[in-house]
Structures are given as C-alpha cells and as structure tokens.
There are 2 protein chains.
Amino acid sequence: MKKVTTHVAILGAGTAGLNARRAAEKAGKSAVMIDPGPYGTTCARVGCMPSKLLIAAAEVAHTAHTADMFGVRVESMKVDGKAVMDRVKRERDRFTGFVLESIDEHLEAGRLIKGRGRFTAPNVITVDDHTEVHFETAVIATGSSPFVPPPFRDLGDVMIDNEGLFDWDDLPQSALVVGTGVIGLELGQALHRLGVRTSLIGIDGLIGPLSDPKVKEVAQKVFEDELDFRNDYQFESIEELEDGGVILRADGREDRYDTVLMAAGRVPNVRNLGLEEVFGWDTRNLPTVDPRIGQIGESHVFIAGDVTNDRPLLHEASDEGRLAGANAATWPEITARPRRAPLGIIFSDPQIAMVGKSFREACDAGFCWGEVDYSRQGRARVNGKNKGWVRVYGSCEDGTLIGAEMFGPHVEHTAHLLAWAIQQRMTVHDILTMPFYHPVVEEGIRTALQSLRSRLHLPEVPNGCKELIESS
Amino acid sequence: MKKVTTHVAILGAGTAGLNARRAAEKAGKSAVMIDPGPYGTTCARVGCMPSKLLIAAAEVAHTAHTADMFGVRVESMKVDGKAVMDRVKRERDRFTGFVLESIDEHLEAGRLIKGRGRFTAPNVITVDDHTEVHFETAVIATGSSPFVPPPFRDLGDVMIDNEGLFDWDDLPQSALVVGTGVIGLELGQALHRLGVRTSLIGIDGLIGPLSDPKVKEVAQKVFEDELDFRNDYQFESIEELEDGGVILRADGREDRYDTVLMAAGRVPNVRNLGLEEVFGWDTRNLPTVDPRIGQIGESHVFIAGDVTNDRPLLHEASDEGRLAGANAATWPEITARPRRAPLGIIFSDPQIAMVGKSFREACDAGFCWGEVDYSRQGRARVNGKNKGWVRVYGSCEDGTLIGAEMFGPHVEHTAHLLAWAIQQRMTVHDILTMPFYHPVVEEGIRTALQSLRSRLHLPEVPNGCKELIESS
C-alpha cells in the first residue's frame, strides 16, 4: 500500500473538487484529489453542456416546424439524428477537453489519484486497495447519481440515464422519459421536438421545481398541449421486450418505446465512503452543514457540490468548492461567506426559473405577490413566444423583493435581473426606477412588479398561503 | 375661428404627448393635445413594433437557412412575402389598435384637436385655420421625420421610408437600404434574411451608434460577411428607371434595385411651429433643455420625446412626456427628476447595445476597460451564435461601472443587467458577487467584468483614448 501525505484530501475531481483544490493551494496548503473517473465534470460531460446542445438542435427543429405562422414556408425538413448527436458529442468533447487537459496534469503531478476513496480512519482515506492518503482535513465532493424508482429497477440495457443518452450515435424512434423534474423536462421536450415519439411521465404533479399553483397550472397546460406529458401517471406494469424495447402499461394505456430514459432525480453519493463506520454519521441525514462554511457538523471534514443535495447547480458547486477548499486549508480557523441569491433555471420552452425564495418558502412567512400573463406580453407575442406566467413575491411591509417563480420566454435572462435585485435587497419601488427598454420581455417583469406594488397596501397573505392557492 | 382654453396645450399625440396629457391631468390641470394624425404613435405604427415583427420573421427564416449545422435538414423552404407582410401588419394593427381606441375617446371628449398646430402668440396655438388654443403652458411633442440626404432628394415613389415599408403587401425582389444607423441595420438585415436582394449603404463607417473601435471592427466584419454592407460607400449617381426601379452607381459598381428604403436618420419636427416667429428661437439650436426638467430655456414651453433629438427611444419618450406634462401643469414651480441610466438596443443579429457612457463619452474623462470575445463564449457557441465583442468601461479608481458598448448574442438582456448596475453605481467588485448561471451568455459579461477588474491597477487610459484606439 502506497502512502501519500497531504494537508487537504478531496474526494472527487469534478467542479466542486477542482475548485476546492485550487482554493486550498491558493491558501498555501497541499491538496490531493481522489476520483475513479470518468473525468470531465458532470456539467460538461453529461449535464448542463450536452443538454443545452441537444436543446439547441431541438429549438432549431421547432422553429422550422412552426415557421409557417411568420410566413416562412418550410416545405420539407427532416431531423438527421446522427448529425444531431454528432454535433452534441463533438461540442461536448470540446468543452470536456479543456477540463481533461488539466486532469492529465493533475494525474501526472500526483495531485489526483485515480481510484475510489473511502475513509478508513478519521485522518486516512484508502483508495481502492493501493494507496493510503493521510490528511489534516478533507472535502467530500463526490457528486450525485441518478435515482431509479422501484418499478424500473429490474430493467436492463433498455434503460439509460443522461450519461447513456449522450453516448447515442443516433436518435431513437421513441422514448419513455421517466421524471418530470429538471432533467426530464429538458431532455423529454428536446427529444419530442427532434421527432422522437416521447412520453414524459412523473408523479405528484411535479413540473421541475415549480411550487406556485398558478405558475404550475399554466405550465401544466403548455406541456400537455405540446406532448404526451403525464406528471401524475398511474403505473400498472412495465415489460422489457425481446427486441430491446419496453411496453409500459399506465393510465389504462399500453405503449411501446425503444428506450427508457431515467430522469427521476439524483441522489447524493454519500454511501460507501466510510462515513458511518469512521465518523458514526447517518448518511441519510448528515450532521448540519452551514452552507456559508461548508463544514460537516464541527468536524474537520467539509462538503461541497451536488453531494450536499442543497443547490445542485454548476455555479453553486464552484462557490461551494472554493469555500470548502479554503476552509479546509485554514481549519480550525474557518470563515463564513455570504452566498449568492438563489437562482435556478430550467431550459425547457418556455423556460422555468426559480429566484430567491420559492412560493413554498415564501409561504412560511407571509408575503405580497404580483404577476404577469405572458400570453399578452408585447414582445413575446411579436416573436410567437407568448406563453407563460411569472409571479414575484415581496415583503408587504416595504416591497422588498424576496423571490419569483417564472415560466415564460427568455426567463433565463430576466431571472438574472431579479436575482441581482434580490441579492441587493431592492424594493419594487427601486426596481421600477430602472430602465426597461421597448419592446422587450423585461417589460413583462415590470408588469409583474407593478402588480406587486399595487398589492402592497392589501393585507398580507397569511402563512400557509391558503388564499393565494384558492385564488389560483 | 373656434376658441379653446386649457391649462396645458400639447403639440403631438404620440407617446410623449399622450404621457404629458396624462401627467397634466393627474396634476389636476386641463390639457389639450393637437395633432393632424396619422395617430397610433411612431413606435407602434411604423417603428419599434412593426420592425420587431419583420425581424421575427427574418430570424425564423435565418434559423431555417442555417439549421443544417445542428443536424436539422431543411430541404425546401420559401419566404411567402405576402404572408410575412400580412402578419406584420395584422399584429401591428393590433398594437396600434389599443392606442387608437384611446385616441378616439380623446377626440370625442375634446382632449385632442385634429389639425396642425403652430404658436401664433406666446400663449396661443392656432390649429390649421379652424381653432385657437389659449393656454398657460405648452409641451412640444411633435416627434421626428426621416432625413433624406441630398443625392436622393429627387427620387419619386421608388423611394420609401419606414412608414412606406410597413404598408407593403408583399416583399420586393431587391432593395437599396440607405443608412447604416439603427433603422437601416435592423430593416436592411431583416430584408436580406427574408430573401430580398439587399444592399446596405452608409457613410463615415457608421454602424448604428457604435463608437468603440474594437467593437466596431468586429461588427463590421460580421455584417460584411453576411450581406452587401458598405458603410463607407462612394456615391457616383442614382437613376430612376421607367419600370419603377433605380440604378445606383457607387464604388465602381452598378446595381439595379426595385426600391429604395431611406433610413439615413431622423430630424426633429421643430420647423413651422412658430418657434422662431413667436419666441425668437433658432430651431437648429433651441435654448438649452435640462432633460431632468424638460423646459425650453426659462420659458413656459416644455419639450418631450423624439423632437428633443436627445434619446429618441420609446421608454425615454414616456418618461420625458410624463416629466414635461407634470412640470407644465405646476409651472412656474418645476421639479427636476433623475433620469434612468442610458440604454439603447439595436435588434440586428448579433444585437447591438449601448449602456451608460459610450466609448466616445467615456474617453472625455479617462477610464479602464474590460472585454469579452463572444466567438469563444460557451453558451453562444452551443447555440451557434458565437459572434460578437463586448467592451465595458469603468472608473480606474474604484471600478465603478460607467458604460458598455455591446455587440453579441442576446445583448438586449445583458444590457439591462449592466444598465441597472450602472444606475445603482455598482463597482465590478459588487457585480461579480452576483449570481451568474451556467451555461448562459451572462457568463460572457462576467468575463468582460473580470477583465476590467484585472486592469484596474493599470494606468488610466488618457483622455482621447489614443492608446485604446491604437491597441484595437
């Protein structure tokens, strides 16, 4: 058994791990990452980047399909699945290429040890059965893995996840997408628009992260109008066929699909790390982590990235990695850093965004709200993208913006405006003094803010948000 | 001659005039607008709205044309010019319809007098030869008209302006677009993308409002690559043909066009208003107007909207109208109001935006800059929109953002982010604590801001910006 000594040991060489290493080094301490691969980060390899590439192709196909309303006659078109996947993989490889270059350097310099690591003592991580890493502090940045709900656990190769999808050389004829959360919505709608016969099934009425009943209601209708979208489906049975497909029986229907794309959420990779054995932690319920510090309980072990199960987003993983790496380097001295305003975006069409407090979170306190119906918004109508609804939440006392749930055209951009405003604790009055150009979708946001301002004198929504839910 | 008495007389019933009237009424004063028509506002009738409608169709055609790179094979398409113009006019009429409803009410209620008004005494406006409006204060909100450069002044019906274009029932085969400013760029590129053989000619190397040499250089190349773009053309002659077309001889070439679209800028409508005769004002050089007040000199006459020749934009016309109307109502008591941060957007592709101080304006002081090359930006590349360059300008002392010139994908949105930051006097340090999602074009703006931050320790760019110009 080889022995390596370092100040900070980092489990994982993804976005959080790489940032943790850099931060520890910047603080003047040695750091070693441990990761069995595949390398290249979840985001660049099988997450945000390739999904946006698939969506880009889907959006182009959708634009061509719906060109007629503008007087542009697309008389004949077809989606070349091989060419679609070729571009997706080629560009994806370009993005991961930048990461892989640095990974090679880390491997060569001994800053990254290839293998699966687990704690075997409070200050020792054993990598496979070949290396012992002795450390002062550690960072867990092991990411997450797809969750597979029970009815699907016996399926064989017919079932893939986002990892498998981005290995495709061609598009299938048909796909059953399981999960109406973020990944299911993005990939399911994209496949549908690329001509794959797609069913998108989920439970509990889930539509991504949306919690506002009115915004959900509008989104529900839009997705149901476009594709076979059943986010409250009743499972009967699933049968794997000899020819490689499946038959799903659900909702009194029977449908055959070439492939099953599992997108029913992800679970943090906290098992088999020795956390129970060495530290006595229950992995289903780790000691409290203050996200402004990244420390697990009062220990010398820090945690960052998707494994925290808090905000599984690239930009948060970067921040958390830096924070955990810096604090792991200086521990027992640690520094709390303010977090950025919460911002989550789902690249469906229309897009979904969650900014600051969600409806559900805002409900716990009581708040006033404003809204805009994007079906009547000028620029959205000009571009034939007039679908959606946005709700903004603010303090009834002084109109400070506290959150928003957004479903509408280009909300990836307007969500940034609102997130920055929330982080700066701006009131609706402040925001309405800012420039809004014409004609832009930002004017829709202004409408929502004006609607919030006009409601500030009304009695607060009581906690539980009963009235708001009933009025929806 | 009919006699009408009012507190505030308003010349013009466009965006500025309508807002001035509402503000005067809100301040408890009577107000009468005078306008010969056509009604419906420049923006909704012949400006921002119909141009965005034409651009929306052009963008769809362009997407279909360039779909191949995504693996989407559009094997056969054609632009149905009649259907394109039908949608443009139908939606345009819907937008103007909202305005025209209120216009009818104003006419009926005597709040709007149809006719051409001119000052005939310091407190009298005469409308055609039928009505005398006696007033305490007045607001000039007469808008602007297309400017026609000398070589084209003798052309007949073959020449149209934006007003004529939006009356088309079909697209022409070919068009000569005169002017590489805002309107020429937007409409010229749109016509080109809709299959009209288009030449876009201009002088002085003009590309919309751009003044930053580096941003201009990149834009120049992009527009030249896409279409016959000559913004420093050498005029030889223009000849109107009997069949209704023209032949332009310029740059040693000879080209025939079906139509000439005049888009060489607009001039404020200040002539024939009696301003010289009654007030002794030189209309080429009106007394100073403080835009935070809207008053002409020290007089009881206010001015608002495009006629000010300051920021000829819808949202500024609304603000100016409200301001002028409110001050005209309370005069001689007047209130100065802060203006919004400057924001101008040109809906070409890539889009152009000007935020805060331009390069030229910033040069007068001295500043530090940052930049991003959008050809290498992640999300822009994903969407096949990786063209453009953005420069941001900041105070070298503390990094306060002061302006930006932008050419790139979706800058209509990122320009809002920067404009709001400038209005709030944020520094680059402040802005970089805000959330930037991944992958989004906003990350390109972060790159530019980081580049500005890294240059803050460098010596200031001396006034005149010689070094920056030379380095470009």
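Please refer to the structure higher up on the page.
Residues numbered from 1 in each chain as written. Chains lettered and ligands numbered in written order. Predicted model: local features only at pLDDT ≥ 70, side-chain atom pairs only at ≥ 80, totals over all residues. Heavy atoms only, no water.

Caption draft 1: Structural context of the environment of A419 of chain B. Along the chain, the position of A419 of chain B falls in helix 12 (residues 411-423). On the accessibility criterion, A419 of chain B (0% relative accessible area) is buried. Through-space distance from the C-alpha of A419 of chain B to that of D319 of chain B is 16 Å; in sequence the pair is 100 residues apart. Not counting residues up to four positions away in its chain, the partners in contact with A419 of chain B are P435 of chain A together with A341, P342, L343 and V355 of chain B. (Helix = DSSP H or I, 4+ residues; strand = E, 2+ residues; numbered from the N terminus. Buried < 20%, exposed > 50% of the residue type's maximum accessible area, 1.4 Å probe, protein only. Contact = heavy atoms within 4.5 Å.)

Caption draft 2: The sheet that holds strand 15 (residues 235-240) of chain A, seen in detail. Residues and elements named next belong to chain A. Across the sheet, which stays open at both edges, the 3 strands sit in the order 15-16-17 with antiparallel pairing between neighbours. A single partner strand is all that each edge strand has here, and the edge strands are strand 15 and strand 17 (253-257). The average angle at which neighbouring strand axes cross in this sheet is 15°, direction not considered. In this sheet, strand 17 lies alongside strand 16 (residues 246-250) in antiparallel orientation, the contact comprising 5 bridges. By the bridge assignment, R249 is partnered in strand 17 with E254. (Pairing = 2+ DSSP bridges. Axes fitted to C-alpha atoms, helices over the stretch in contact; angles between N-to-C directions.)

Caption draft 3: The state of the cysteines, seen in detail. All names here are of chain B. Scanning the entire structure with this criterion turns up 4 disulfides over all chains. In this model C43 forms its disulfide with C48; the gap between the sulfur atoms is 2.1 Å. By the burial criterion, C43 is buried, and C48 matches it. In this model, C368 is linked to C396 through a disulfide, with the two sulfur atoms separated by 2.1 Å. In this structure the cystine formed by C368 and C396 twists about its S-S bond by roughly 115°; its chirality is therefore right-handed. Taken together, the residues span a long stretch of sequence, with C368 in strand 23 (residues 368-373) and C396 in the loop between strand 24 (389-394) and strand 25 (401-408) at a distance of 28 residues. Residue class for C368 comes out buried when judged on its relative accessible area of 3%. Overall, C396 belongs to the buried group, its relative accessible area being 11%. (Disulfide = S-S within 2.5 Å.)

Caption draft 4: Expanded view of the interface of chain B and chain A. Each side of the interface is counted separately: chain B has 68 residues, and chain A has 68 residues. Summed over both sides, the interface of chain B with chain A buries roughly 6,500 Å², with 64% coming from carbon and sulfur. In terms of surface lost to chain A, no three residues of chain B exceed W420, P435 and Y437 of chain B, which account for 14% of the buried area on that side. There are 8 salt bridges connecting chain B and chain A. One salt bridge connects R73 of chain B with D80 of chain A, and the closest N-O pair in it is separated by 2.8 Å. At the boundary of chain B and chain A, one finds 33 residue pairs in polar contact (both at pLDDT 80 or more). Looking at the side of chain B that touches chain A, the elements with two or more residues in it are helix 3 (48-65), strand 4 (72-79), helix 4 (81-109), helix 9 (314-330), strand 21 (343-346), helix 11 (378-382) and helix 12 of chain B. (Buried area = accessible area lost by both parts, 1.4 Å probe. Salt bridge = Lys/Arg side-chain N within 4 Å of Asp/Glu carboxyl O. Polar contact = N/O pair within 3.5 Å; in protein donor to acceptor, adjacent residues only side chain to side chain.)

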